Amino acid sequence: MRIAVVGGLLVALGIIAVAGGVLPIEAVGALAARSAPILGFVVAMTIVAELAAEAGVFRSIAQHLARFARGRAMVLWLLVVALATASTVFLSLDTTAVLLTPVVVSVAAHARISPIPFALTTVWLANTGSLLLPVSNLTNLLAAERLGAHPVEFAAVMWAPAVVGVLVPVAFLLATRWRQLGARFEPDEPVPAEDRVLLAIGSAVLVLLVPLLVSGIEVWIPATAGAAVLFVAFLVRRPSVLRPALVPWQLVVFVAGLFLAMEAAHELRLTEVLASIAGEGEDPLALLRLAGVAAVSANAFDNLPAYLALEPFASSPLRSAGLLIGVNAGALITPWASLATLLWHHRLVSMGVQISWPKFAALGLAVAPLTVAGAVFALVAVG
């Protein structure tokens, strides 16, 4: 509820700014035209992910992973790495944080091994693995829309940083948690799906969405179609699942409020001070400087407002890539650096898994700079 309250306050301030003439109505109209398809995608994909989870898709995947690992925690963890990466790339970081976290924690609990390496893998890859495609992160959608980049063009710029964004956290966990990951376990017997028809429909929708989301079609269109298919399927077979809470209205209000607040800040020229800090140019040091400023801003305020504030100073594809590296791969230190991290922690607490924020921040301080620097140099190497 706190997200909704903050978002409501930001929306109210935006309305006051419009009424006071600070924020021109033309600017609000342009902002609405830009943000409506993006928010539509967020709503549709959230519904798709929630209904797919209700259909048992993610639980079924986890059971198959545990069985395939044949009692080896290392193999199970590597499979979780692959699943978290794929989930983040194609379904977004929030999907990974919200829906995959309880799955991997349950898998670790059933295998009677520590859930911490699996939990950290999920939240780190949710953030650092969200560099490859526009659909992976809301910041990516904003950047792709601004630059007019097709998903393939976007991936052509971001593939090398995206690879580094996965490899660095994985290598860090492997080096620091190898004892826990070297354990063996006895997998539980798989639990049959409650409704095989819904499981099949949910699986088919996710499989079909993957190519459609990278086809160049505006992403809200296939996402909305997928949500509609699942809605009808549940309406017929399990209508009790269909409730207003499936629509992430709190997130929509929060994001809309951030959009209005940043637009007002730009109109008042409050963000121009960032121009001198963010610098200019596309040489390695310039891109590293921009990514560093973006990472610090994300951990100070949240990655979405950090992106919106710095967006005017990242007009080229390479500088946009540097900005995205900072706000996405660098958001590993504070709990509020990304919404996905807050959602992840809420899921952990609800399942009885505790990890202190000071410990989380200390680990993030070790991983985030290495990931951001490595991703920037990878960008330069292939750029």
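Heads up: the structure comes first, above all this text.
Residues numbered from 1 in each chain as written. Predicted model: local features only at pLDDT ≥ 70, side-chain atom pairs only at ≥ 80, totals over all residues. Heavy atoms only, no water.

Undergrad: I would appreciate a short explanation of the overall build of the protein chain in the present structure.
TA: In terms of helices and strands, the protein chain carries 18 helices and zero strands. Since a compact globule built from 383 residues should have a radius of gyration of about 21 Å, the 20 Å found for the protein chain is in line with a globular shape. If you line up the protein chain on its principal axes, its C-alpha atoms span 65 × 50 × 35 Å. Split into buried and exposed, the 383 residues of the protein chain put 53% on the buried side. Counted over contacts in the protein chain with a minimum sequence separation of 6, partners at least 24 positions apart contribute 81%. Accessible surface, the protein chain as shown: approximately 16300 Å² in total, 70% of it carbon and sulfur. Charged side chains of the protein chain number 20 positive and 20 negative; the gap between the two group centres comes to 14 Å. (Helix = DSSP H or I, 4+ residues; strand = E, 2+ residues; numbered from the N terminus. Rg over C-alpha atoms; globule rule 2.2 N^0.38 Å. Buried < 20%, exposed > 50% of the residue type's maximum accessible area, 1.4 Å probe, protein only. Contact = heavy atoms within 4.5 Å. Areas by Shrake-Rupley, 256 points an atom, 1.4 Å probe, with all protein chains shown as cover. Lys, Arg positive; Asp, Glu negative; His and termini not counted. Charge placed at Lys NZ, Arg CZ, Asp CG, Glu CD.)

Undergrad: Looking at this structure, I do not really get the side chain of Asn303. What am I missing?
TA: On the secondary structure map, Asn303 appears in helix H15 (residues 303–310). When near neighbours in sequence (up to four residues on either side) are disregarded, Asn303 contacts Asn137, Thr139, Ala298, Val327, Asn328, Ala337 and Ser338.

Undergrad: I'm lost on the packing of helix H14 (residues 284–301) against helix H16 (residues 317–329) in this one. Help?
TA: Helix packing for two helices is described by the angle between their axes and how far apart those axes are. At a closest axis distance of 7 Å, the pairing of H14 and H16 adopts a crossing angle of 35 degrees. As H14 runs across H16, the sense of the crossing is right-handed. Of the residues in H16, those touching H14 at Ala286, Leu287, Leu290, Ala291, Ala294, Ala295 and Ala298 are Leu318, Arg319, Gly322, Leu323, Gly326 and Val327. A class-by-class count of the residues in the contact of H14 with H16 yields ten nonpolar, two polar and one charged. (Axes fitted to C-alpha atoms, helices over the stretch in contact; angles between N-to-C directions. Left-handed = near helix turned anticlockwise from the far one by under 90°. Nonpolar A, V, L, I, M, F, W, Y, C, P; charged D, E, K, R; others polar.)

Undergrad: Can you help me understand the packing of aromatic side chains in this one?
TA: Geometrically, a pair of aromatic rings is defined through the distance of the ring centres and the angle of the planes. Counted according to the given criterion, the structure contains three aromatic pairs. Note on Trp344 and Phe360: the rings are 5.5 Å apart at their centroids and 35 degrees apart in plane angle, and the pair reads as tilted. Of this pair, Trp344 sits in helix H17 (residues 339–350) while Phe360 sits in helix H18 (residues 357–382), and the two are 16 residues apart along the sequence. The exposure class of Phe360 is buried, given its relative accessible area of 1%. Ring plane angle 85 degrees and centroid distance 5.4 Å describe the contact between Trp357 and Phe360, whose orientation is recorded as edge-to-face. Taken together, the positions of Trp357 and Phe360, both in helix H18 and three residues apart, correspond to about one turn of that helix. Under the relative-accessibility criterion, Trp357 is labelled partly exposed at 26%. Taken together through their ring pairs, the aromatic side chains of Trp344, Trp357 and Phe360 make up a single cluster. (Phe/Tyr/Trp six-rings, centres within 6.5 Å; stacked < 30°, edge-to-face > 60°.)

Undergrad: Would you take a moment to explain helix H12 (residues 249–267) for this structure?
TA: An α-helix turns once per 3.6 residues; consequently, residues spaced three or four apart project the same way. Helix length check: H12 (19 residues) gives 27 Å between terminal C-alpha atoms against 27 Å at 1.5 Å per residue, within 8%. All of the buried residues in H12 are Leu251, Phe254, Val255, Gly257, Leu258, Phe259, Leu260, Met262, Ala264 and Ala265. Phi turns positive one or two residues past the end of H12, at Arg269, with a value near 60 degrees. (Expected span 1.5 Å × (residues − 1).)

Undergrad: Explain the environment of Leu174 here, please?
TA: Relative to the assigned elements, Leu174 resides in helix H8 (residues 151–176). Accessibility expressed as a relative area gives 37% for Leu174, which makes it partly exposed. Put simply, Leu174 and Leu78 are 96 residues apart on the chain and 9.9 Å apart in space, counted from C-alpha to C-alpha. If we skip the residues at most four places from it in the chain, Leu174 touches Met74, Trp77 and Leu181.

Undergrad: Help me understand helix H2 (residues 25–54), please; the structure alone is not making it clear to me.
TA: Across its 30 residues, H2 extends 42 Å between first and last C-alpha, which sits within 8% of the 44 Å expected from 1.5 Å per residue. Its maximal kink placed at Ser35, H2 deviates by approximately 35 degrees, while the proline Pro37 follows within four residues. Positive backbone phi, at 90 degrees, marks Gly56, one or two positions downstream of H2. (Bend = angle between axes of the 7 residues up to and from the residue.)

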